[in-house]
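# Structure at a glance
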Amino acid sequence: MTVRNWLSQLGAPLRDYIESIGYGARLFLNMIGLSPGLLRRPRLLIEQLHFIGNYSMLIITLSGLFVGMVLGLQGYYTLNKYGAEQSLGLLVALGLTRELGPVITALLFAGRAGTSLTAEIGLMKAGEQLSAMEMMAVNPIQRVLAPRFWAGVIAVPLLASVFSAVGVLGGWLVGVQLIGVDDGAFWSQMQGGVDIWKDIFNGFVKSVVFGVAITFIALYQGYQTQPTPEDVARATTRTVVISSLMIWWLDFMLTALMFSK
């Protein structure tokens, strides 16, 4: 193998990666620039918000309940060693609002709604529906991608709020109703220790960032896929893998920025 061939094989994946970054950035900016057109047709956004948000509500609610119950049980066993079981409500609330609520909601959203978006866009491309829109002078980015993008951005913070609220209820059921922690101490410790800006607002910001990342990755993977069933399936898998890794990376970066002081 000559040096030229070796350099060619080494540089081809890097070139494709750089091209994909440029294509994704151009697609993102184009979608944001065309988003004001949704004001003339809000029904598109409402329909996608219903499809993405309402259909994810059941799994988010049940997962939040069970996560809160497990967190309450494990938290009680840990705090009981130090005689601080009255702080169980504070532990559950901080764990959910700061970290578990936004992160687990984002992971569940990527697995449920993200894959659905990728498959839907990929099948529309395979069925030449997007090409037909272009032939009719309808911009598919404005008509198809933008409503789904903003629906995902709006849905993830709302779902994360539901997850955290139901999780606190699950921690209360285990800690107060089953184990016997004082009800007043559970809620008063939570009320006194949870800061609306440092804890709740920062968790909300995390969920917004996760919503932007997950929804765009899902739409990008569906929009750039080849119009074949095999490639649509691979794009759906890539959506879950890339979104999951992106969530953990963004969570580390945001946590370092928000709670380092």
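Residues numbered from 1 in each chain as written. Predicted model: local features only at pLDDT ≥ 70, side-chain atom pairs only at ≥ 80, totals over all residues. Heavy atoms only, no water.

### Describing the packing of aromatic side chains
What the rule picks out here adds up to nine aromatic pairs. Here the aromatic rings of F186 and W187 are separated by 5.2 Å at their centres, their planes lie at 80 degrees, and the arrangement is edge-to-face. With a relative accessible area of 36%, W187 lands in the partly exposed category. Their ring planes at 25 degrees and their centres at 6.1 Å tell us that F216 and Y220 sit as a pair that is stacked. One end of the pair is F216 and the other is Y220, both in helix α8 (residues 196–224) and four residues apart, which spans about a single turn. Among the aromatic residues, those joined into a cluster by ring pairs are F28, F149, W150, F216 and Y220. Across the ring face of F51, the terminal group of R112 is positioned such that the distance to the ring centre comes to 5.6 Å. The aromatic ring of Y223 is capped on one face by K125, whose charged end is 5.9 Å from the ring centroid. (Phe/Tyr/Trp six-rings, centres within 6.5 Å; stacked < 30°, edge-to-face > 60°. Buried < 20%, exposed > 50% of the residue type's maximum accessible area, 1.4 Å probe, protein only. Helix = DSSP H or I, 4+ residues; strand = E, 2+ residues; numbered from the N terminus. Lys NZ or Arg CZ within 6 Å of the ring centre and 35° of its normal.)

### Examining the pattern of salt bridges
Any two side chains of opposite charge can pair, given that their charged atoms come close. Taken as a whole and assessed by the stated rule, the structure comprises six salt bridges. R98 is the partner of D199 in a salt bridge, and the nearest nitrogen-oxygen pair spans 2.6 Å. Separated by 101 residues along the polypeptide, D199 in helix α8 and R98 in helix α4 (residues 88–126) bring together distant segments of the chain. Residue class for D199 comes out buried when judged on its relative accessible area of 2%. Put simply, R148 and E120 hold a salt bridge, and the shortest N to O gap is 2.8 Å. Placement of the pair is R148 in helix α6 (residues 140–179) and E120 in helix α4, with a sequence separation of 28 residues. Judged by its relative accessible area of 7%, R148 is buried. Taking relative accessible area as the criterion, E120 reaches 25% and is therefore assigned partly exposed. Through salt bridges with shared partners, a single network forms among E99, K206 and D251. (Salt bridge = Lys/Arg side-chain N within 4 Å of Asp/Glu carboxyl O.)

### Observations concerning the packing of helix α2 (residues 42–53) against α6
Helix-helix packing: each pair is described by the crossing angle between the helix axes and the interaxial distance. At a closest axis distance of 8 Å, the pairing of α2 and α6 adopts a crossing angle of 50 degrees. With respect to α6, the axis of α2 lies oblique. In this structure, α2 meets α6 at a crossing whose hand is right-handed. Residues L44, L45, Q48, L49, I52 and G53 of α2 form the contact with α6, whose own contacting residues are R143, P147, R148, W150, A151, G152, I154, A155 and L159. Across the contact of α2 with α6, the residue classes tally to ten nonpolar, three polar and two charged. (Axes fitted to C-alpha atoms, helices over the stretch in contact; angles between N-to-C directions. Parallel < 35°, antiparallel > 145°, perpendicular 65-115°, else oblique. Left-handed = near helix turned anticlockwise from the far one by under 90°. Contact = heavy atoms within 4.5 Å. Nonpolar A, V, L, I, M, F, W, Y, C, P; charged D, E, K, R; others polar.)

### Focus on the nonpolar core
Counting 55 residues, the largest nonpolar core has M31, F109, I121, L145 and F210 as its most contacted members. Sorting the residues of this core by element identifies α1 (3–34), α3 (57–80), α4, α5 (129–135), α6, α7 (183–193), α8 and α9 (229–258) as the ones contributing at least two each. F109 has contacts with I52, G114, G152, A155, V156, L159, I214 and T215, leaving out every residue within four places of it along the chain. (Core = buried A, V, L, I, M, F, W, Y, C linked by side-chain atoms within 4.5 Å.)

### Some remarks on a nonpolar patch on the surface
Together, I196, W197, I200, F201 and F204 make up a nonpolar patch on the protein surface, roughly 540 Å² of accessible area in all. Within the fold, I196 resides in helix α8. (Patch = residues over 30% accessible without salt bridge, like charges linked within 9 Å, V, L, I, M, F, W, Y side chains within 5 Å. Areas by Shrake-Rupley, 256 points an atom, 1.4 Å probe, with all protein chains shown as cover.)

### Quick word on the packing of α6 against α7
As a packed pair, α6 and α7 sit with axes 10 Å apart at the nearest point and diverge in direction by 145 degrees. Read as a crossing pair, α6 and α7 show a hand that is right-handed. Residues V168, G171, W172 and V176 of α6 pack against D183, F186, W187 and M190 of α7. For the contact of α6 with α7, a count of residues per class yields six nonpolar, one polar and one charged.

### Here we look at the environment of V240
By the secondary structure assignment, V240 is in helix α9. For V240, a relative accessible area of 29% puts it in the partly exposed group. Remark: the alpha-carbon pair of V240 and A110, spanning 130 residues in sequence, is separated by 6.0 Å. Contacts of V240, omitting those with residues within four sequence positions, involve A110 and T115.

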